[in-house]
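# Secondary and tertiary structure notes
Each chain, written out:
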Amino acid sequence: MSSPATATGFPVVDPSVHAAWLPDAALAPLGSRRVAVVVPDGGAPDVVAQTVRDEVAAATAAHGGAVVDPQQAGTADVVLAVRASTGAPAGAPAGSAAADPEAFTLTRALGMVTVTATTSHGLLHGLFHLVRLGEHAFTDPDGTWTHAPTTALRMLDHWDNVAVHPVMGQVERGYSGGSIFYDDGQVRADLTRVAQYSRLLAASGINRVAINNVNVGPRESLLLTDDLDEVARIAAAFRPYGIRTHLSVSWASPVRLGGLTTSDPLDEDVRAWWRAAADRVWATIPDFGGFVVKADSEGQPGPFAYGRSHADGANMLAAAVAPHGGLVHWRAFVYDHTQDWRDRKTDRARAAYDHFAPHDGEFADNVIVQIKHGPLDFQVREAVSPAIAALPRTRLAAEFQVTTEYLGHQKHAVYLGRMWSELLRFPYWGEGSATMADVAAGRHPESDGTGGDGTRAGGFAAVSNVGDDVFWTGHPFAQANLYAWGRLTWDPTLDPIGILDEWVSLTFPGADPRVRETVHAVLDESWETYERYTAPLGVCFMVKPHTHYGPDPDGYEYSPWGTYHFADRDGVGVDRTRATGTGFTGQYPAPWRDVYESLETVPDELLLFFHHVPYGHVLRSGKTVIQHVYDTHFEGLERVHAAVEAWQAAADAFPPDVAERVTERFAEQVRSATDWRDVVNTYFFRKSGIPDAAGRTIY
Ligand code: GCW
């Protein structure tokens with residue numbers, strides 16, 4: 001299974017769970033060398049600096065290297081140093097890489113490797129950078145490189161419940177067992193896994209974690225008050241690796257917990273209640289990050305009940321946390337979930353923009369409006385959210401989902417690095433323009449007329465896929481998604497296939513080359529494979545209601561959730577044009593508002609997201625829509641079979657526990673993908689009456 005804990009008892013690891021991308025052997029290249037850690041004298045080192053020391057001590061003890069006294073640093077192979085200046089050019093402009101407190105500089109010269117940073121956090125990132133580079137850190141050509149994150153806010157959100165929810169379970173949309181934080185109504189007594197998790201996250205680039213579900217139930221509400229000491233224990237487990245803790249809070253807390261009769265954000269008692277609550281939180285956890293809020297969304301309470309806006313609500317909380325330097329992540333996932341399916345005018349895709357764009361400029365400086373990457377809900381293929389481009393004077397976070405709610409529940413092998421990379425690089429104002437990642441990093445081109453200098457960043461957030469499963473993520477290969485998310489938040493321009501390579505090198509150090517080849521064969525294009533056998537051409541939501549696993553083309557068609565595809569005997573798709581549809585295309589800046597509006601220019605893969613077309617409509621690929629549906633569904637399953645063959649030929653090259661779990665998952669993927677192929681093909685054949693040109697079996 002995983003590597004044994006080192007002789008020093010550090011790092012804190014549970015040897016009975018999989019080591020993910022930090023097995024002992026991943027630290028061998030560093031640990032076999034003579035390493036000096038130099039942190040400023042005077043007083044005790046801060047907790048993160050101590051972590052760097054402990055990591056080095058443990059690695060060198062385990063792998064035959066040595067800790068070199070800082071006074072003798074000149075004799076070491078590796079020097080890790082916090083210095084007031086990293087030697088980067090003097091007067092580095094604010095916002096430049098060298099000025100970032102998490103930045104580090106690596107220099108390889110004359111047989112010595114030096115990593116310098118101005119803070120211990122930067123040094124910790126530099127340490128893990130060395131780990132990632134492996135032997136290359138020491139053997140590649142000489143040079144100097146500075147690395148800095150694209151944004152200071154790189155967050156994971158847990159949808160973990162304290163009490164087991166009767167429908168959603170311990171972890172909402174969690175497919176990896178129970179919660180690492182809570183067990184059946186309580187914070188766990190043993191937080192070893194949280195400590196181990198924080199180390200994995202720090203090594204990937206994450207620096208903030210929200211520890212409870214955005215749907216905040218009565219039991220979960222108490223984390224803010226009665227259970228603060230328990231939250232402090234969790235924060236203490238994260239702190240050594242530089243990760244700050246955030247809480248999801250219920251908008252109704254003043255009523256639920258404070259005994260007030262209202263949660264009206266303009267009510268003075270309500271404001272005082274939140275101020276006092278925030279004071280207690282920061283008194284208990286001085287480096288606490290802030291609150292995440294899902295308000296007026298899917299039944300969660302919010303300011304609408306008092307005739308107040310989202311800006312009123314968010315700003316009231318912002319005022320309460322501001323004296324402590326706290327943040328409010330206010331989610332924009334606001335739409336009518338009690339829609340009448342007969343109502344053809346209401347378009348859920350429009351909702352985030354319609355609710356939030358009018359309030360641009362009203363949100364306080366410490367409010368971050370958190371917007372899902374797509375206008376619907378983490379579908380395998382949907383358009384990018386136009387709201388992300390529409391609030392130039394608001395700090396925005398782009399929200400993603402690492403847990404695969406709509407992408408196979410970590411039973412299907414689906415690598416999401418390429419999908420996220422494509423979304424993060426989406427140029428909102430046309431080729432070469434600012435991207436989704438730029439906007440999240442505070443570089444909106446219309447920001448205050450300055451082009452955005454990065455100082456008003458909202459960063460990135462994503463829903464974690466981790467649970468108490470022995471592999472952390474159910475499917476061992478779903479670890480790659482968590483790793484890739486962290487890496488892309490640090491640098492959204494990284495090549496996602498290169499990230500997968502890093503993950504393989506770290507997770508399976510020294511493995512048979514077939515391991516790397518097989519991971520690539522199975523995962524590189526697995527996103528497109530999944531897309532091929534599920535909902536076609538951006539039509540979205542053909543999943544089974546509630547569980548969101550497996551095919552059910554009409555599952556949401558006559559429901560209140562606002563997710564319809566309008567398939568009939570003649571055609572399919574949602575008319576979101578300005579000319580004849582819901583007008584959604586008009587929410588995009590040029591050129592996309594016109595690119596998506598026109599059948600001539602809309603990309604094939606998003607055709608049915610924007611247009612309702614007859615089955616005989618010819619795609620830009622030259623195929624009809626109906627033939628495309630049939631072909632992709634047959635091909636999708638064939639690609640799964642090919643992945644299984646590649647897997648079976650090399651399974652023996654993987655550790656036996658990994659091999660066993662992956663083999664088991666593939667059996668389910670084949671079953672489920674077969675179901676998808678046949679249900680979707682049969683559905684469209686019965687609707688349209690048009691046979692498959694290739695005469696294959698459709699039921
Ligand atoms: O994707 C949907 C999920 C809900 C979730 C909601 C949200 C936490 O089906 O389970 O609730 O989104 O993002 O708030």
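Where an unreviewed UniProt entry is consulted, the protein appears under the name Alpha-glucuronidase, with the organism given as Xylanimonas oleitrophica.

### A few points about the environment of D453
With respect to the helices and strands, D453 occurs in the loop between α13 (436-440) and β18 (460-463). Using a relative accessible area of 47% as the deciding quantity, one classes D453 as partly exposed. On a C-alpha basis, the gap between D453 and R443 in space is 5.8 Å, while along the polypeptide they are ten residues apart.

### Quick notes on the sheet that holds strand β4 (residues 104-109)
Strand order in the open sheet made by the six strands is β2-β1-β3-β5-β4-β6, with mixed pairing throughout. In the strand order of this sheet, the two ends are held by β2 (66-68) and β6 (143-147), each with one partner. On average, each strand axis in the sheet is tilted by 20° relative to the strand beside it, whichever way the strands run. Sheet analysis places strand β3 (residues 78-82) next to strand β5 (residues 112-117), joined by five bridges and oriented parallel. Bridging from a neighbouring strand, V78 pairs with V113 of β5. In the packing of helix α2 (residues 47-63) onto the sheet, contacts are made with β1 (34-38), β2 and β3, and the angle to β1 comes to roughly 170°.

### Regarding the packing of helix α5 (residues 192-204) against helix α14 (residues 479-490)
With their axes 7 Å apart at the nearest point, α5 and α14 run at an angle of 50° to one another. Considering the angle they form, α5 stands oblique to α14. Each of Y197, L201, A203 and S204 in α5 lies in contact with α14, whose residues at this interface are L482, Y483, G486 and R487. Residues of the contact of α5 with α14, tallied by class, amount to five nonpolar, two polar and one charged.

### Quick look at the environment of N213
With respect to the secondary-structure elements, N213 resides in the loop between β12 (208-210) and α6 (218-221). Here N213 falls in the buried class, since its relative accessible area comes to 1%. C-alpha of N213 to C-alpha of A383: the two residues are 170 residues apart in sequence and 26 Å apart in space. Here N213 is in contact with H158, W159, D160, N161, E172 and S248, once residues within four sequence places are set aside. Here N215 takes part through its backbone nitrogen, which lies 3.0 Å from a polar atom of the side chain of N213.

### Remarks on the domain arrangement of the protein
In terms of domains, the protein is made up of domain 1 (24-147), domain 2 (154-496) and domain 3 (530-574 + 612-688). Taken over C-alpha atoms, the centre of domain 1 sits 32 Å from the centre of domain 2. Listed by partner, the interface residues are 14 residues for domain 1 and 13 residues for domain 2. Approximately 1200 Å² of surface area, both sides summed, lies buried where domain 1 meets domain 2, with 55% of it carried by carbon and sulfur atoms.

### Section: the pattern of salt bridges
Counted under the stated rule, the structure contains 39 salt bridges. For R671, the salt bridge is made with E668, and the minimal N-O distance between the two is 2.9 Å. Separated by three residues within a single helix, R671 and E668 lie in helix α21 (residues 656-688), roughly one turn from each other. A single salt-bridge network, built from bridges that share partners, covers E525, R532, E635 and R639.

### Describing the site of the ligand
Around the ligand there are 15 residues in total, and E172, K294, R331, D377 and E405 lie nearest to it. Within the side chain of E172, a nitrogen or oxygen atom sits 2.5 Å from an oxygen atom of the ligand. Contact distances for the ligand include 2.6 Å between an oxygen atom and a side-chain N or O atom of D377. Burial of the ligand by the protein chains amounts to 97% of its free accessible area of 340 Å². Split into classes, the residues belonging to the shell around the ligand amount to four nonpolar, three polar and eight charged.

### Describing α21
Taking 1.5 Å of rise per residue, 33 residues should cover 48 Å, and α21 covers 48 Å from first to last C-alpha, within 8% of that figure. At the exit of α21 stands G689, carrying a positive phi of roughly 70°.

### Observations regarding the pairing of strand β16 (residues 367-372)
In terms of burial, β16 is a largely internal element, six of the six residues being buried. The alternating pattern of β16 places V367, V369 and I371 and I368, Q370 and K372 on opposite faces, both of which are buried. Strand direction decides the pairing type here: strand β15 (residues 327-331) and β16, joined by four bridges, are parallel. From the neighbouring strand, V328 faces β16, where its bridge partner is V367. What joins β15 to β16 is helix α11 (residues 351-356), and the crossover it makes is right-handed.

### Digging into the sheet that holds β18
Spatially, the eight strands close up into a barrel ordered β7-β12-β13-β14-β15-β16-β17-β18, and their pairing is parallel. The average angle at which neighbouring strand axes cross in this sheet is 25°, direction not considered. Relative to β18, strand β7 (residues 154-157) is paired through four bridges, and the arrangement is parallel. Each bridged residue has a counterpart across the sheet, and for L156 the counterpart in β18 is A462.

Calculation notes
Residues numbered from 1 in each chain as written. Predicted model: local features only at pLDDT ≥ 70, side-chain atom pairs only at ≥ 80, totals over all residues. Heavy atoms only, no water. Helix = DSSP H or I, 4+ residues; strand = E, 2+ residues; numbered from the N terminus. Buried < 20%, exposed > 50% of the residue type's maximum accessible area, 1.4 Å probe, protein only. Pairing = 2+ DSSP bridges. Axes fitted to C-alpha atoms, helices over the stretch in contact; angles between N-to-C directions. Contact = heavy atoms within 4.5 Å. Parallel < 35°, antiparallel > 145°, perpendicular 65-115°, else oblique. Nonpolar A, V, L, I, M, F, W, Y, C, P; charged D, E, K, R; others polar. Polar contact = N/O pair within 3.5 Å; in protein donor to acceptor, adjacent residues only side chain to side chain. Domains from an automatic or database assignment. Buried area = accessible area lost by both parts, 1.4 Å probe. Salt bridge = Lys/Arg side-chain N within 4 Å of Asp/Glu carboxyl O. Near = heavy atom within 4 Å. Areas by Shrake-Rupley, 256 points an atom, 1.4 Å probe, with all protein chains shown as cover. Expected span 1.5 Å × (residues − 1). Right-handed = clockwise from strand over helix to strand, strands pointing away.

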